[in-house]
Amino acid sequence: MADITISSAVRTNLNSLQATSSLMSSVQERLSTGKKVNSALDNPNSFFTAQGLENRAGDLSTLLDDMGQSVQTLKAADKGIEAISDLVDAAKAKANQALQTSSQSERQQYASEYNELLTQIEDLAGDAGYGGKNLLGGTGNDLSVTFNEDGSSSLSISSVDYTDTSSSTGLALSDLASGSTGSVTITLQNGSATATALATATATLTTDNDFTAGDTITLSDSTGTELGSLTIDDTTTIQDLSDFIGGASSDTSTSISSGVITVNADYEVSVDSDASGFTALSTSHSETNGFSTDAKIESTLDSLTKAQDTLRSQASTFGTNLSIVENRQDFTKALINTLEEGAGKLTLADTNEEGANLLALQTQQTLASTSLSLAAQADQNVLRLF
């Protein structure tokens, strides 16, 4: 191009068109990207400052996702505690039902149902996890939530272990003995010798065993509750006594063999007769159900009340942790917006201004084209001489 000679006027208008075209290209880039700083060449200081702000916003966005997952883990644990609390209430209802009855078979059934509720509590606690973390699962499930890029701001949430209800560090609720109470052998004796009359079930108590008409035999259960009494008369036999013991409660059955009345339940028999009459000796089976006495039931109710207090306290702790994480989550969202807004102030273009600039450049380009055309026409006048 250096070999081509153009006039000064044409060159001036050409330079003007080239400058306008370059400016239009720059303005069009800003309009298409929405940014006034697209690279370090545009404005190094603004570009790198904005990039730092955007990088921090990106790091916080990643932490924000982790916070969201931590919130869900805490919510899962809270729902688990709510469900466990309902099961503890059900176990408490079973204990109260047992307290309202003196039937050992019913109490045994309630003890068995109570144990099943404890099993369900353990199963439920094991299922309360989220994303591989279970705050009710004990060791190895502690949760750590990081709030800033360098990890200097964080929250540690300790897990509890409700998967073993008997644990002293958990709910401290142990399974109850719920097996059969076994059998009790009751032997009626006169002094130190077993009465020979007991060898036959049809022997009359008042005739052969020093009982007199009007003597009373009282049957009580293991709690001391009286189940019934039998008044002796001249015709009362050993079989009558056995039938009385066996029929006093749906829990008892009796049999007579070689002078011994055997009772298949945990009952005590007392005999109120004259001074030379019989006394009742009883041997209770060692395995009794966990609700066999009122004292045992009251102790279980106390343990359940403490378990409820433990659950409420832990729910409050998790609730506090949840509030902290949610608060930091909201703060981080606002901070990310602030960082992105700050980066935008350094790099984003004013589209209204750039649009006006483009319109002005288009006008200037048109005028420069017209001026170039006029300059070229002046050069063409030389041709007219020929």
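Residues numbered from 1 in each chain as written. Predicted model: local features only at pLDDT ≥ 70, side-chain atom pairs only at ≥ 80, totals over all residues. Heavy atoms only, no water.

Undergrad: Just checking my understanding: could you explain the overall build of the protein for this structure?
TA: What the protein contains, in helices and strands, is seven helices and ten strands. Of the roughly 20300 Å² of accessible surface on the protein, 48% is carried by carbon and sulfur atoms. (Helix = DSSP H or I, 4+ residues; strand = E, 2+ residues; numbered from the N terminus. Areas by Shrake-Rupley, 256 points an atom, 1.4 Å probe, with all protein chains shown as cover.)

Undergrad: Explain the pairing of strand β2 (residues 154-157) to me, please; I cannot follow it from the model alone.
TA: A regular strand carries its side chains on alternate faces of the sheet. What you see with β2 is a clean split: Leu155 and Ile157 sit on the buried side and Ser154 and Ser156 on the side with no burial. Relative to β2, strand β1 (residues 143-146) is paired through four bridges, and the arrangement is antiparallel. In the sheet register, serine 144 faces β2, and the bridge partner there is serine 156. (Buried < 20%, exposed > 50% of the residue type's maximum accessible area, 1.4 Å probe, protein only. Pairing = 2+ DSSP bridges.)

Undergrad: Teacher, can you tell me more about the side chain of serine 159 here?
TA: For serine 159, the location among the structural elements is in the loop between β2 and β3 (184-190). In this structure the side chain of serine 159 is engaged in a polar contact, spanning 2.8 Å, whose partner is the backbone oxygen of glycine 138. (Polar contact = N/O pair within 3.5 Å; in protein donor to acceptor, adjacent residues only side chain to side chain.)

Undergrad: Would you take a moment to explain the environment of serine 46 for this structure?
TA: Secondary-structure assignment places serine 46 in helix α2 (residues 44-99). A C-alpha to C-alpha distance of 8.4 Å links serine 46 and alanine 343, two positions 297 residues apart in sequence. Setting aside anything within four residues of it in sequence, one finds serine 46 in contact with Val37, Leu346 and Thr347. (Contact = heavy atoms within 4.5 Å.)

Undergrad: I tried to follow the packing of aromatic side chains on my own but got confused; where do I start?
TA: Aromatic ring pairs: the centre-centre distance and the angle between the two ring planes describe each pair. If you walk through the whole model with that rule in mind, you get two aromatic pairs. Taking the centre distance of 5.2 Å and the plane angle of 80 degrees together, the rings of phenylalanine 47 and phenylalanine 48 count as edge-to-face. Between tyrosine 114 and phenylalanine 291, the aromatic rings sit 5.8 Å apart at their centres with planes inclined by 70 degrees, giving edge-to-face as the arrangement. Note that tyrosine 114 is positioned in helix α3 (residues 104-126) and phenylalanine 291 in the loop between β10 (279-283) and α6 (294-347), a separation of 177 residues in sequence. Of the two residues, tyrosine 114 and phenylalanine 291, both sit in the buried class. (Phe/Tyr/Trp six-rings, centres within 6.5 Å; stacked < 30°, edge-to-face > 60°.)

Undergrad: Got a minute to help me understand the confidence of the model for the protein in this structure?
TA: When pLDDT drops low, the exact placement of atoms in the prediction is not to be read closely. Residues at a pLDDT of 70 or more form 68% of the protein, whose mean pLDDT is 76. Across residues 180-199, confidence stays below pLDDT 50; counting only partners more than four residues off in sequence or on other chains, it has 70 contacts. Counted against residues more than four places away or in other chains, residues 273-287, with its pLDDT under 50, gives 47 contacts. (pLDDT = per-residue confidence, 0-100.)

Undergrad: Help me out: how do you make sense of the packing of α2 against α6 in this one?
TA: Packed helix pairs are characterised by how far apart their axes lie and by the angle those axes make with each other. Interaxial distance between α2 and α6 falls to 7 Å at its minimum, and their mutual angle equals 165 degrees. The angle between α2 and α6 falls in the class roughly antiparallel. Taken as a pair, α2 and α6 cross one another with a handedness that is left-handed. For the contact of α2 with α6, the per-class residue count stands at 29 nonpolar, 14 polar and twelve charged. (Axes fitted to C-alpha atoms, helices over the stretch in contact; angles between N-to-C directions. Parallel < 35°, antiparallel > 145°, perpendicular 65-115°, else oblique. Left-handed = near helix turned anticlockwise from the far one by under 90°. Nonpolar A, V, L, I, M, F, W, Y, C, P; charged D, E, K, R; others polar.)

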